[in-house]
Amino acid sequence: MHSFAEEIRAGIPGTIPPIPPSIQGVNHAPARPDILTPSERELAVKNALRYFPKEWHTVLAPEFALELKTDGRITMRRFRPSYEMRARPISDYPCRTTQAAAVMHMIQNNLDPRVAQHPEELVTYGGNGNVFQNWAQYLLTMKYLSEMTDRQTLVLYSGHPLGLFPSHADAPRVVVTNGMVIPNHSGQDDYNRMAALGVTSYGQMTAGSFMYIGPQGIVHGTTITLMNAARMFLEGDGTLAGRLFVTSGLGGMSGAQAKAAVIAGAIGVVAEINPKPLHTRHSQGWLQEVEEDLDRVLARVDRAKREKKPLSLGYLGNVVDLWERLASEGISVDLGSDQTSLHNPFMGGYYPAGFTLEQSNVMMVKDPAGFKAAVQESLRRQVRAINTLHDGGMYFWDYGNAFLLEAGRAGAERILRPDGTFGYPSYVEDIMGPVCFDYGFGPFRWVCTSANPEDLATTDRIAGDVLEEMAQSAPDENRRQLLDNLLWIRQAAENKLVVGSQARILYADWKGRIELALAFNRAIADGTVKAPIVLGRDHHDVSGTDSPYRETANIRDGSMFTADMAVQNVIGDSFRGATWVSLHNGGGVGWGEVMNGGFGLLLDGTEDAARRAGSMLSWDVGNGLARRSWARNPGAVWAIEQAMKAEPLMKVTMPVVADDKIVTEATRQAFGD
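Think of each chain on its own: its residues are numbered from 1, step by step along the sequence as written. Selection of residues for local features in this predicted model requires a pLDDT of at least 70, selection of side-chain atom pairs for listing and counting requires 80 or more, and totals for whole chains, interfaces and linings are taken over all residues. Water and hydrogen atoms were dropped before computing side-chain values, which therefore reflect all heavy atoms in the structure.

### Concerning unusual backbone geometry
In this model, S158 sits at a positive phi of 45°, which is unusual for a non-glycine residue. When you line up the elements, S158 lands in the loop between β3 (152-157) and β4 (160-166). A positive phi is found at R414, a non-glycine position, where the angle reads about 65°. Structurally, the position occupied by R414 is in the loop between α14 (403-409) and α15 (427-435). Burial classes: relative accessible area under 20% of the type maximum marks a residue as buried, over 50% as exposed, and values in between as partly exposed (1.4 Å probe, protein chains only). Overall, R414 belongs to the partly exposed group, its relative accessible area being 44%. To qualify as a helix, a DSSP run of H or I must reach at least 4 residues; to qualify as a strand, a run of E must reach at least 2; elements of each kind are numbered from the N terminus.

### What about the packing of helix α4 (residues 98-111) against helix α5 (residues 135-147)?
Helix axes are fitted only over the stretch in contact, all axes being lines through C-alpha atoms; the angle between N-to-C directions runs from 0 to 180 degrees. At their nearest, the axes of α4 and α5 sit 9 Å apart, and the two run at 155° to each other. Accordingly, the angle class assigned to the pair α4 and α5 is roughly antiparallel. Both α4 and α5 take part in a crossing whose hand is left-handed. Contact residues: α4 offers A100, V103, M104, I107, Q108 and L111, while α5 offers W135, Y138, T141, M142, L145 and S146. Nonpolar residues are Ala, Val, Leu, Ile, Met, Phe, Trp, Tyr, Cys and Pro. Charged residues are Asp, Glu, Lys and Arg, and all others, Gly as well, are polar. Residue classes in the contact of α4 with α5 are distributed as nine nonpolar, three polar and no charged. For classification purposes, an angle smaller than 35 degrees is called roughly parallel, one larger than 145 roughly antiparallel, one from 65 to 115 roughly perpendicular, and anything else oblique. Crossings are classed by handedness, with left-handed meaning an anticlockwise turn of the near helix from the far one by less than a right angle and right-handed meaning a clockwise turn. Contacts were defined at the residue level, with two residues in contact if any of their heavy atoms lie within 4.5 Å.

### So, the pairing of strand β7 (residues 267-272)
By the criterion of burial, β7 is predominantly enclosed, with six of the six residues buried. Residues of β7 alternate between two faces, with I267, V269 and A271 on one and G268, V270 and E272 on the opposite face, all of them buried. Two strands form a pair only when DSSP identifies at least two bridges running between them. Pairing of β7 with strand β9 (residues 311-316) involves six bridges; the strand directions are parallel. The residue of β9 that forms the bridge with I267 is L311.

### Examining the environment of L467
Among the structural elements, L467 can be located in helix α16 (residues 453-472). On the basis of relative accessible area, L467 is assigned to the buried category, the value being 1%. Taking C-alpha positions, L467 is 50 Å from A373, a pair spaced 94 residues apart along the chain. If we ignore the near neighbours within four places in the chain, the residues touching L467 are L482, N485, L486, I489 and L506.

### Comments concerning empty space enclosed by the protein
A 1.4 Å probe that fits but cannot get out identifies a cavity on a 1 Å grid over protein atoms alone, an open set with protein on both sides within 12 Å along at least five of seven lines counts as a pocket, and a residue lines either if it has an atom within 4 Å of a point. Grid points are joined across faces, edges and corners, and a volume is the space filled by probe spheres set on the points. Using the criterion set out here, one finds five cavities of 30 Å³ or more in the structure. By volume, the largest cavity is sized at about 220 Å³. In terms of lining, the largest cavity is formed by 23 residues, of which the most central are I74, Q133, N134, A195 and G198. Those elements giving two or more residues to the lining of the largest cavity turn out to be α2 (38-49) and α6 (188-197). Of all the elements, α6 adds the most residues to the lining of the largest cavity, at four residues. When grouped by side-chain class, the residues that make up the lining of the largest cavity number ten nonpolar, nine polar and four charged.

So this is what it looks like as C-alpha cells:
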C-alpha cells in the first residue's frame, strides 16, 4: 500500500485501479439528459481517453461510454482516490513550495464529503459547481502541485491541468479559468453540450476556485442581510425577535439559512425536498428541528412567535406547498426569500410541486420538456402565493439565485414590470449593495492550514481586536458595519460554524482586510499561529463579480451588463501577489449571466507575504469601489475618497453628478419629448 504522499506524487496510477466502493451516505448528483449526437458521444469518450495510456483504452472506453449514457457526463469513477478526502495539515502534503501545499489543502476541503454536495461527482455546491470535471484532472493537478517550484505556474482550463509553465516567485502559482466560452455560445444548451463533451466546466463561485469553506461561507452574509432587512423594512425596534422568515433550500450554500436565522434572532422556516441535505444540516447542528407535516409546522411557528424565541425549522417537502399553505391560512410572514439552485432549473436545481424527488429525477432525464413545463408551472404557483403574502405586509427579496429571472421566464404574475425590471428587489439591490458593498465591506475569509482549532481561535481573537480598535475611531458612515462584524467574530466559536477546514469569514472593508492580513502574518512570524494562513473571499464581493441580478444589481449607470470589473480584478490581483487567481463564467445566477473572479493568498510570516497582501488587497477592493463610485453610488464615493486619503498613490476618476432637471430639459428640447 502506498502512502498518501506517494499517491499524490504518482498522479495517474501505473496500473488500472479497481473501482472504489461508493462513500456511504453521500448525496449523488442527478443524471443529466443525453443531449449529444452519436458522433459527439464518440468525441466525449475520445476526450476522456486522452488522460490514459493507449493500452488501457479497450477497458476504459466501454466504461466511459456507459458513464456517459447513465450520468450524462464522464467523471471516471474508477480513478477516485482510495485515501480519505479532507483538508490535512499543510505539512502532510508533498511539495517543493508551501504555496502549492496550500492549494492542495484547499482542493481537498472542497471535495470533503462533509463539505461537498455531490463529492463523488466532484460537485461542491449549487448542484453543478465542479472543482474538476473528472478524477483524472484531480490526480494530475495534485501531482503537478507536488512537483511545482516557486518559478512555475500551473494553468487550469475548466479543471483540466494544461501544465506547469515557467514564471517567477511573485507570479500566481495557479491560474484557473472555468467556463470561458465565446459569448455567442454561452447559453444553457451550449453549456450542457460542452460539459457532456468534457471541454468546459461550471465552477460556481468558490467551487472551481478552491475557496469554498462549507455553509459558513454564506451564513455571515445571510445573517447581515436579515439584520439589515429588519432595520430597513420592518416596523418596530429593528430586531427579529418573534419575526417569521420563510425560504427554501438546505444544500451547500442554502444550508446556511437556518443557522443565520437563529443567529439573527428570527424564526426561520426552510423548505427542502431532499432528505439527505436536510438531515445533514440537522445532524451538524445547523438546523434545530425537522417536520414533515404542515399542520405541525404552523403550530410550531405559532408557539415560537408567542415565545419570541429564535428557531430554525426544516420542512421536508416542497416549498410551493409551504408558501401556498401560509397564504391560504393568512399567516403573517415578515421576511421571505428563496435559495433553490435556479441557475440550474431543469437539471436538479429546482423540484416542481406535485412530484416526489425520485419522480423528478427520472422525469428530468426521460421527459425534459415535460419537466421544464412542470418547473415553470410550479414557479407560477410559488409566485402567486408570495404575491398574496407580500400584499399582507411581507418583505420579499431575490437571493441572487436567479429566482426572479426564471420566474419571469415562466410568466409568473407581477414579476416583470413593463420596463423589463423585476417586481421584487435583489437582496444586493436594496440591502447588501448600499449597506456593505458600496462601502467596501465583503466576505473576506481565511483558512488555518495547520487544521488546528487552536489556530482558528487565535485568529478569531486577533480579528476581534483589530475590528474593535477600528470601530473606536470609525466615522458614522461605516461604524455600524464594523460593530456588526465585531459581534459576529466574538460569537463565532460558540456558533459552531466550522464544517471541514478550520476557516472563518467576516465582512471586512479595504482597510480592515489589510490590517487583518498584516496582523495574521505577524502572528505566524512570531509563532502565535503555528502554520501558514490562506486568505481569500467569496467571489460575491465588492469587486469580484459582475452580475446584473445580484452583485451589481445596484449599479444604475447602464453598465450593469458589462464585465470589465471582474476581469480587471483577476488581472490586477495576479501581478500584485496573489497565490492563485480564478475567473469564471457563471456562479450563483447561472451560466452566461455573470462573470466572476477570485483569489487565494498565502501568508507565511515573511516580509514578502506582507508586501503582497498590502498590494493585492488594496486593488482587490479598490477596483470595485472605484467602479461603484463612478456609477454615482453615494456610499462608494465616500469610501473611495477615504481610500485615496490613506493611499497617496491611488488617484481615482470621480464622477460629477448632473442635475436631473437640467438633463430632463436638455433631452426634452433635443428630442421633442
